[in-house]
Amino acid sequence: MVSSVYWEWELLLQSIKLGIKLTFIYDGIRIFRILINHKNIIISIEDLFFWIYATWIMFSFQLKESHGVFRGFFLLGMFFGMFFYNKILGERLVLLAEKGIGLFKRQLTEIGKLFKIKLCKQKNVCTKIRRKHGEKKDSCKEKETK
């Protein structure tokens, strides 16, 4: 009897850990979506594949650990793990990643602006030379390529 109760507590703890792992994986998907913009149809397909994967993992775990017997506390443990991971760490992790990715994108934009400014300055110099010597527009480009 005692070993049965111990086994059920062990199963409950494992289900909580499984809920945390699945939510962590989904947070990785959310961060990927922040990094690369997705259309709604792609987001739906990603979610569908994730939930098929999650269902398969839960079913396999339930089949292996409970020998196919449905345990309600297993699902409660999963939802408990998912909920508390998301409230304690998940929201902060995604927010931190969102800020980091935003900062990275802004820095890339600034670097792109610097290159654009340098290219514009070179173009302006080229335009001034053309005006001074009365050359055609394409003659400056020919000099730049040589």
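Remember, predicted model here, so these are calculated numbers, not experimental data.

Caption draft 1: Region of interest: the pattern of salt bridges. For the structure on display, the rule yields four salt bridges. Between R30 and D27 there is a salt bridge whose closest N-O contact spans 3.1 Å. Of this pair, R30 and D27 both sit in helix α1 (residues 2–35), three residues apart, which is roughly one turn of that helix. Looking at D27, the relative accessible area reads 1%, which means it is buried. A salt bridge links E91 to K87; the nearest nitrogen and oxygen atoms lie 3.3 Å apart. Residue E91 and its partner K87 are both found in helix α3 (residues 72–133); the two are separated by four residues, about one turn of the helix. Given the relative accessible area of 38%, E91 is considered partly exposed. Several salt bridges share partner residues, and in doing so they unite R33, E46 and D47 into one network.

Caption draft 2: Focus on a nonpolar patch on the surface. Among the surface-exposed residues, I41, I42, I45, L48, F49 and I52 lie close enough to one another that they form a single nonpolar patch of about 590 Å² accessible area. Assessed through its relative accessible area of 37%, I42 is described here as partly exposed.

Caption draft 3: Up close: the side chain of E46. Here E46 is to be found in helix α2 (residues 40–66). At 2.8 Å, the side chain of E46 forms a polar contact with the side chain of R33. Leave out the neighbours within four places in its chain, and E46 touches I29, F32, R33 and H38.

About the cut-offs
- Residues numbered from 1 in each chain as written.
- Predicted model: local features only at pLDDT ≥ 70, side-chain atom pairs only at ≥ 80, totals over all residues.
- Heavy atoms only, no water.
- Salt bridge = Lys/Arg side-chain N within 4 Å of Asp/Glu carboxyl O.
- Helix = DSSP H or I, 4+ residues; strand = E, 2+ residues; numbered from the N terminus.
- Buried < 20%, exposed > 50% of the residue type's maximum accessible area, 1.4 Å probe, protein only.
- Patch = residues over 30% accessible without salt bridge, like charges linked within 9 Å, V, L, I, M, F, W, Y side chains within 5 Å.
- Areas by Shrake-Rupley, 256 points an atom, 1.4 Å probe, with all protein chains shown as cover.
- Polar contact = N/O pair within 3.5 Å; in protein donor to acceptor, adjacent residues only side chain to side chain.
- Contact = heavy atoms within 4.5 Å.

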